[in-house]
Amino acid sequence: QVQLVESGGGLVQPGGSLRLSCAASRSAGSAFRINTMGWYRQTPGKERELVASTTRTGSTNYADAVKGRFTISRDNAKNTVYLQLNSLKPEDTAVYYCNARYINVFQKEYDSWGQGTEVTVSS
C-alpha cells in the first residue's frame, strides 16, 4: 500500500498563495512504482474534481479554472508532489486531496488518496 500525507493548507486572503505538499510512502515489505500523482479538490455536496496531475516524466494537466495560477511539481526521488497555489480566489476554497496511481511488483494497479488538507480563501 502507498500512503499519502498532505500538508500546507490553511486560511489565506484572496490573491494570496499556498504551497501544498504530499509525501508518498510504501508499506514495509512492499514495492510499488508511482506513475501519476495529482491534486483534487472537493466542496460539500459537489463531486471531487481534478485540479492538476503529473506523470513520472513530467507531463502535467490542469483544470481550466486554475491554469496560470497553480503549478504542480514532483520530486520522484522523494516520492513527493507539490501544488503551488497563487492568485487564490474565494472559489478555490475546498478540501484538497492528493492522489497517487501506482503498480506493485505483480503489476496490479492501485489508487490511493490522502486525508485531505483544507484551503480557505477569504477576506
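Residues numbered from 1 in each chain as written. Predicted model: local features only at pLDDT ≥ 70, side-chain atom pairs only at ≥ 80, totals over all residues. Heavy atoms only, no water.

**Description of the pattern of salt bridges**
Phase 1: Tallied over the full model, the rule gives 4 salt bridges.
Phase 2: For R41, the salt bridge is made with D92, and the minimal N-O distance between the two is 3.0 Å. With a gap of 51 residues between them, R41 in strand 4 (residues 32–42) and D92 in the loop between strand 8 (80–85) and strand 9 (94–104) connect regions that are remote in the sequence.
Phase 3: Under the relative-accessibility criterion, R41 is labelled buried at 8%.
Phase 4: Between D92 and R69 there is a salt bridge; the shortest N-O distance is 2.7 Å. (Salt bridge = Lys/Arg side-chain N within 4 Å of Asp/Glu carboxyl O. Helix = DSSP H or I, 4+ residues; strand = E, 2+ residues; numbered from the N terminus. Buried < 20%, exposed > 50% of the residue type's maximum accessible area, 1.4 Å probe, protein only.)

**Structural notes on the side chain of R41**
Phase 1: Within polar-contact distance, the side chain of R41 engages the side chain of D92 at 3.0 Å.
Phase 2: A distance of 2.9 Å separates polar atoms of two side chains, one belonging to R41 and the other to Y96.
Phase 3: For R41, the contacting residues outside a window of four places in its chain are E47, R48, E49, V51, A65, V66, F70, E91, D92, A94, V95 and Y96. (Polar contact = N/O pair within 3.5 Å; in protein donor to acceptor, adjacent residues only side chain to side chain. Contact = heavy atoms within 4.5 Å.)

**Quick word on the sheet that holds strand 7 (residues 70–75)**
Phase 1: Strand order in the open sheet made by the 4 strands is 1-3-8-7, with antiparallel pairing throughout. Every other strand in the sheet has two partners, leaving strand 1 (2–7) and strand 7 as the edge strands with one partner each. Within the sheet, the average angular offset between the axes of one strand and its neighbour, ignoring direction, is 15 degrees.
Phase 2: In this structure, strand 3 (residues 18–26) lies alongside strand 8, joined through 6 bridges in antiparallel fashion. Bridge pairing in strand 8 places C22 opposite V81. (Pairing = 2+ DSSP bridges. Axes fitted to C-alpha atoms, helices over the stretch in contact; angles between N-to-C directions.)

**Re the state of the cysteines**
Phase 1: Taken as a whole and assessed by the stated rule, the structure comprises 1 disulfide.
Phase 2: For C22, the disulfide goes to C98, at an S-S distance of 2.0 Å. Disulfide C22-C98: the torsion about the S-S bond is -85 degrees, which places it as left-handed. With a gap of 76 residues between them, C22 in strand 3 and C98 in strand 9 connect regions that are remote in the sequence. Here the two residues C22 and C98 agree in accessibility, since each one is buried. (Disulfide = S-S within 2.5 Å.)

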